[in-house]
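# Coordinate inspection notes
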Amino acid sequence: MSVSSPYNTAVLRPNVYEDLNVSEPIDNKTAEALKAVTAAASVAELTAVELRYLGKKGEINELRRAIGTLPAEERPAFGASINEAAARVTEALEDRRAVLKSGELRAQLQAESVDITLPGAVLPAGGLHPLTITADRIKEVLGGMGFEFVDGPELEDYAYNFAALNYPEDHPAMDEQNSFFVTDDRLMRTQTTALQGRIMANRRPPFRIATIGRCFRYEAVDATHHHTFHQVDIFMVDEKISMADLKGTLGTFARSMFGPETLVRFRPDFFPFVEPGVDYSILWQGRWLELGGAGLIHPNILQAYGINTEKYSGFAFGLGVERTHMIQTGVNDLRLYLENDVRFLRQFQGA
Ligand code: FA5
């Protein structure tokens with residue numbers, strides 16, 4: 001007998017139980033259950049042991065079936081000894097469960113502990129695209145000069161992109177801006193100047209507006225031309241606006257973007273929406289570099305929107321965002337801006 005029990009019925013009533021051969025199964029089962037309790041290595045294993053021996057159909061309960069084979073006067077003592085066996089196993093289970101639980105908790109705490117002395121994982125930081133950095137700077141400068149930024153649609157009406165800008169039907173100037181037509185009267189805008197008509201259709205002067213965004217032209221792509229690029233357009237309508245206002249505004253803008261000594265040069269040029277029209281260049285490292293087009297807003301446009309040209313006049317100028325960044329940094333191939341090669345982009349972080 002490996003386990004001593006106060007209900008060792010073999011000792012209490014040796015003859016009866018030896019004859020019936022029932023005390024031994026209880027002792028054996030109890031010993032087996034206690035061994036299994038000790039051997040359980042986890043709370044889950046322990047629960048399985050509990051079920052196996054003390055469950056409704058557990059092996060200790062199953063011993064009760066033998067009760068029917070006993071004489072009536074022996075049955076209470078036999079039942080009591082099974083109850084006692086179950087109580088012993090239950091107690092052992094509880095003790096073991098407490099031990100295992102605290103062990104598991106300790107292991108869990110250990111596994112989940114954070115070593116604050118370890119170096120942190122370095123997350124690669126993203127950065128702004130160089131054109132975003134340039135656009136932000138342009139917005140800052142023009143915003144500081146009182147210009148309000150307004151967005152126009154990239155998918156634009158033919159009317160706003162061309163007709164409202166004083167392009168006569170079939171004028172060759174439109175050929176310079178070969179277009180992606182989406183329907184007969186809608187195209188991907190070729191110039192941000194398209195916003196002018198939208199503003200004039202809805203507002204009365206005075207106003208100072210600027211816009212910045214993507215433009216699209218059906219172009220052979222090379223180092224200085226792309227089918228997708230960014231433009232800025234600036235225009236102002238007020239009383240007595242003249243070329244002097246344009247020159248002053250453009251000069252201030254150019255000096256803020258390219259440095260305090262920057263000179264601006266105007267040369268006559270043709271755009272249907274300005275009269276007179278010019279292109280303008282800045283003196284950069286000893287060379288005149290063309291930056292964009294400008295002029296006084298053509299009176300035809302102001303009149304088309306019911307603006308009294310006796311009282312009001314306006315100027316407009318436009319430039320390329322890629323071109324601006326290329327001049328500032330010496331990037332010599334505009335295609336790089338759309339390729340998004342991080343080796344290129346990274347060079348301008350913090351610029
Ligand atoms: C215009 O688009 C006129 N709307 C500018 C203007 C505004 C004139 C207001 C007068 C008054 P232009 O086609 O020259 O003009 O384009 C202006 C600038 O956009 C160019 O100087 C260039 O920097 C940029 N640009 C034009 N086409 C492309 C292209 N295919 N790829 C990259 N940049 C371009």
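So, how was this worked out
- Residues numbered from 1 in each chain as written.
- Predicted model: local features only at pLDDT ≥ 70, side-chain atom pairs only at ≥ 80, totals over all residues.
- Heavy atoms only, no water.
- Salt bridge = Lys/Arg side-chain N within 4 Å of Asp/Glu carboxyl O.
- Helix = DSSP H or I, 4+ residues; strand = E, 2+ residues; numbered from the N terminus.
- Expected span 1.5 Å × (residues − 1).
- Buried < 20%, exposed > 50% of the residue type's maximum accessible area, 1.4 Å probe, protein only.
- Arc of directions from axis to C-beta.
- Phe/Tyr/Trp six-rings, centres within 6.5 Å; stacked < 30°, edge-to-face > 60°.
- Axes fitted to C-alpha atoms, helices over the stretch in contact; angles between N-to-C directions.
- Parallel < 35°, antiparallel > 145°, perpendicular 65-115°, else oblique.
- Contact = heavy atoms within 4.5 Å.
- Nonpolar A, V, L, I, M, F, W, Y, C, P; charged D, E, K, R; others polar.
- Near = heavy atom within 4 Å.
- Polar contact = N/O pair within 3.5 Å; in protein donor to acceptor, adjacent residues only side chain to side chain.
- Domains from an automatic or database assignment.
- Pairing = 2+ DSSP bridges.

This model, assessed by the stated rule, comprises 15 salt bridges. One salt-bridge network, in which partners are shared between bridges, spans Lys-29, Glu-32, Arg-52 and Glu-59.

Time to look at helix H4 (residues 43-54). Here H4 contains 12 residues, and its C-alpha end-to-end distance of 16 Å stays within 8% of the 16 Å for a straight helix at 1.5 Å per residue. For H4, the complete set of buried residues consists of Val-43, Leu-46, Val-49 and Tyr-53. In an axial view of H4, the angular spread of the buried residues amounts to 110°, which keeps them on one side of the axis. Exposed positions of H4 whose direction lies more than 90 degrees from the buried face are Ala-44 and Leu-51.

A few words on the packing of aromatic side chains. Summed over the entire model, instances satisfying the criterion amount to 13 aromatic pairs. Between Phe-253 and Phe-317 the ring centres are 5.9 Å apart and the planes differ by 55°, which places this aromatic pair in the tilted class. Of this pair, Phe-253 sits in helix H10 (residues 243-258) while Phe-317 sits in strand S10 (residues 312-320); the two residues are 64 residues apart in sequence, bridging distant segments of the chain. Each member of the pair, Phe-253 together with Phe-317, is buried. Put simply, the rings of Tyr-158, Phe-162, Tyr-167, Phe-181, Phe-271 and Phe-273 touch in pairs and so form one group of aromatic residues.

Running from N to C, helix H3 (residues 23-39) and helix H6 (residues 75-112) cross one another at 10°; their axes reach a closest spacing of 9 Å. Looking at the two axes, H3 sits roughly parallel to H6. Contact residues: Ile-26, Thr-30, Ala-33, Leu-34, Val-37 and Thr-38 in H3; Phe-78, Ser-81, Ile-82, Ala-85, Arg-88, Val-89, Ala-92, Leu-93 and Arg-96 in H6. Of the residues assigned to the contact of H3 with H6, the class counts are 10 nonpolar, 3 polar and 2 charged.

What follows concerns the site of the ligand. The full set close to the ligand counts 24 residues, and Gln-191, Thr-193, Arg-217, Glu-219 and Gln-231 are the nearest of them. Within the side chain of Gln-191, a nitrogen or oxygen atom sits 2.7 Å from a nitrogen atom of the ligand. One of the side-chain nitrogen or oxygen atoms of Thr-193 is found 2.7 Å away from a nitrogen atom of the ligand. Going through the elements one at a time, strand S6 (228-239), strand S9 (287-297) and S10 are the ones with two or more residues in the shell around the ligand.

Domains assigned within the protein chain are domain 1 (9-111) and domain 2 (130-348). With centres defined by C-alpha atoms, the gap from domain 1 to domain 2 works out at 91 Å.

A separate point is helix H12 (residues 321-329). Of the residues making up H12, those classed as buried are Val-321, Glu-322, Thr-324, His-325, Met-326 and Ile-327. Backbone geometry just after H12 places Gly-330 at a positive phi near 85°.

Here the focus is the sheet that holds strand S1 (residues 148-149). Strand pairing within a sheet occurs via backbone hydrogen bonds; the two strands may be parallel or antiparallel. One open sheet accounts for 7 strands, arranged S1-S5-S6-S10-S9-S8-S7; its pairing is mixed. Edge positions in the sheet fall to S1 and strand S7 (264-268), since each has one partner strand and no second. Relative to strand S5 (residues 207-216), S1 runs parallel, the two being bridged by 2 bridges. Bridging from a neighbouring strand, Phe-149 pairs with Ala-210 of S5. Along the sheet, helix H9 (residues 195-202) contacts S5, S6, S9 and S10; its crossing angle with S5, the most-contacted strand, is approximately 145°.

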